[in-house]
Amino acid sequence: MFPSFDIILAVAALSSKGLQLVSANPVAEVEKRAPYYPAITSPTAAAYWTIDHQAYVTWDASLVPTDADPIPWVQLYNTTDYGSANYVTTLASSFPAQPGKVTFTVPEVVPGSYFVMLGEWGQSSPHFTIGAIDIPSAPHIESPNTNTVWQLGTQQDVTWDTSNIREDAENIAFVDLYKTSSYGSAEFVLEIAVNIPPQQGSVSFTVPEDLTPEDDYFVMVGIWGNSSPHFTISQ
Ligand SMILES: *[C@@H]1O[C@H](CO)[C@@H](O)[C@H](O)[C@H]1NC(C)=O
C-alpha cells in the first residue's frame, strides 16, 4: 500500500522545519551532567619533554565548569610506522579539571615523537619531542621582532613564550644584544641579563644612549643561535 496523503504531508512539514523542531525540543534540558574533556593547550608541537623530568599538560581553566567531573586519564601515544596511534603509558589518572593543568614525571620511553590524549580518544595534542638529554633553556623569542623599534634611552622588554617551559627548567643563561657586522657575522654588543628563571617570560632593560642607531640588531636568548629577527634601534 502507498502511504496515506496525510502522512506524506506530515513528513514534508517535518523536513522543511527539521532544525527548528530539534531546537524547539531541547535535549539539553534533561538534567544530566556530561563529563568534561577539555581541549589541550600544551604540549604544543614545539614542546620538548625530558625523560625523568617534570612535564605537564594544560587546558583552558577558565572554560571548566565548576562542577566538572575529574578527568579520568592523560595518556602518552606515539605513531606506528603504519600511522596508527600506539598507546605507550598513562601519565596521570583521575585528576581535577578545574586547575587547567596536570603535572607528572616523564617516563623512560624511547626518545622520539609522541603525543598525548586527554580524557577521551581523539582529544589529542600535536606530536612533540621526548628526549633523554636536558637541553638548556632556549625559549622561543616573541619580542623584539621585525617590527620592533627601540629608542635610545628608553626602557624595553625582551619577551619569550612560556607555554612549554617546565617548572623545574634550568635558568636561562643569558639574554644578549648583538648586531650584524659589516662582514655579516654576529657582533656582541652587550649583556641584557643573565641567569633568568624561564617562567618569568621577559626581562626589562634600558637601551644605552651611546649605541649606534641601526636596523640590524638582534637578541640571543639562552643558547647561541636562538635569535630574534633583526630589529631597529633608533635615535
Ligand atoms: C613508540 O614508543 C615505544 C615506547 O617508548 C617504543 O618502544 C617504540 O619504538 C615507539 N615507536 C615508534 C614508531 O617510534
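A few points on the structure.

**Here's the deal with the packing of aromatic side chains**
Move 1: The final tally for this structure, using the stated rule, is 11 aromatic pairs.
Move 2: Relative to F205, the ring of W150 lies with its centre 5.4 Å away and its plane at 65°, an arrangement referred to as edge-to-face. In this pair, W150 is assigned in strand β10 (residues 149–151) and F205 in strand β14 (residues 202–206), connecting sequence segments 55 residues apart.
Move 3: Judged by its relative accessible area of 1%, W150 is buried.
Move 4: Among the residues examined, F205 registers a relative accessible area of 9% and is labelled buried.
Move 5: Ring geometry for Y178 against W224: centres 5.6 Å apart, planes inclined by 80°, an arrangement best described as edge-to-face. Of this pair, Y178 sits in strand β12 (residues 172–180) while W224 sits in the loop between β15 (214–221) and β16 (231–234), and the two are 46 residues apart along the sequence.
Move 6: Since its relative accessible area comes to 8%, Y178 is described here as buried.
Move 7: Ring pairs connect the aromatic residues Y77, Y87, F115 and W121, which therefore count as one cluster.
Move 8: Across the ring face of Y56, the terminal group of K101 is positioned such that the distance to the ring centre comes to 4.0 Å.

**Some details on the environment of K101**
Move 1: For K101, the position within the fold is in strand β6 (residues 101–105).
Move 2: For the pair K101 and V57, spaced 44 residues apart in sequence, the C-alpha separation works out to 5.7 Å.

**Concerning the side chain of N78**
Move 1: Looking at the element boundaries, N78 is found in strand β4 (residues 71–79).
Move 2: Judged by relative accessible area, N78 falls into the buried class, the value being 18%.
Move 3: Once residues within four sequence positions are removed from consideration, N78 is found in contact with S84, A85, N86, V88, S113, Y114 and F115.

**Remarks on the sheet that holds β10**
Move 1: Strand order across the open sheet formed by five strands is β10-β16-β15-β12-β13, with mixed pairing between neighbours. Each end of this open sheet is capped by a strand with a single partner; those strands are β10 and β13 (186–196). Within the sheet, the average angular offset between the axes of one strand and its neighbour, ignoring direction, is 30°.
Move 2: Pairing geometry for β15 and β16, over two bridges, is antiparallel. Residue pairing in the sheet places Y217 in a bridge with F231 of β16.

**Structural notes on the nonpolar core**
Move 1: Grouped together as the largest cluster of nonpolar side chains are 26 residues, with contacts concentrated most on W49, V57, W59, V74, L76, V116 and I130.
Move 2: When residues of this core are traced back to their parent elements, those giving at least two are β3 (54–59), β4, β5 (85–95), β6, β7 (112–118) and β8 (128–131).

**Quick notes on the site of the ligand**
Move 1: Around the ligand, the structure places N78, T79, D81, N86, V88, V109, V110 and Y114.
Move 2: V110 is positioned such that a nitrogen or oxygen atom in its backbone is 3.0 Å from an oxygen atom of the ligand.
Move 3: Within the complex, the protein chains bury 55% of what would otherwise be the 360 Å² of accessible surface of the ligand.
Move 4: Across the shell around the ligand, the residue classes tally to four nonpolar, three polar and one charged.

**Thoughts on the sheet that holds strand β9 (residues 141–143)**
Whenever strands of a sheet pair, they do so through backbone hydrogen bonds, lying parallel or antiparallel.
Move 1: With antiparallel pairing, three strands are arranged side by side in an open sheet as β9-β11-β14. Both edges of this open sheet fall to β9 and β14, since each of them pairs with a single strand only. Strand-to-strand twist of the sheet, defined as the mean angle between neighbouring strand axes without regard to direction, takes the value 25°.
Move 2: Here β9 pairs with strand β11 (residues 155–160) via two bridges, running antiparallel. Residue pairing in the sheet places S143 in a bridge with T159 of β11.

**What to know about the pairing of β8**
In summary, the side chains of a regular strand alternate between the two faces of the sheet.
Move 1: Here three bridges tie strand β2 (residues 48–50) to β8, and the two strands are oriented parallel to one another. Within β8, the position partnered with Y48 by the bridge is T129.

**Observations concerning the pattern of salt bridges**
Move 1: A complete count under the given rule lists one salt bridge for this structure.
Move 2: The shortest N-O distance in the salt bridge between D216 and K179 comes to 3.6 Å. Taken together, the residues D216 in strand β15 and K179 in strand β12 connect sequence positions 37 residues apart.

Reading guide: rules and limits
Residues numbered from 1 in each chain as written. Predicted model: local features only at pLDDT ≥ 70, side-chain atom pairs only at ≥ 80, totals over all residues. Heavy atoms only, no water. Phe/Tyr/Trp six-rings, centres within 6.5 Å; stacked < 30°, edge-to-face > 60°. Helix = DSSP H or I, 4+ residues; strand = E, 2+ residues; numbered from the N terminus. Buried < 20%, exposed > 50% of the residue type's maximum accessible area, 1.4 Å probe, protein only. Lys NZ or Arg CZ within 6 Å of the ring centre and 35° of its normal. Contact = heavy atoms within 4.5 Å. Pairing = 2+ DSSP bridges. Axes fitted to C-alpha atoms, helices over the stretch in contact; angles between N-to-C directions. Core = buried A, V, L, I, M, F, W, Y, C linked by side-chain atoms within 4.5 Å. Near = heavy atom within 4 Å. Polar contact = N/O pair within 3.5 Å; in protein donor to acceptor, adjacent residues only side chain to side chain. Areas by Shrake-Rupley, 256 points an atom, 1.4 Å probe, with all protein chains shown as cover. Nonpolar A, V, L, I, M, F, W, Y, C, P; charged D, E, K, R; others polar. Salt bridge = Lys/Arg side-chain N within 4 Å of Asp/Glu carboxyl O.

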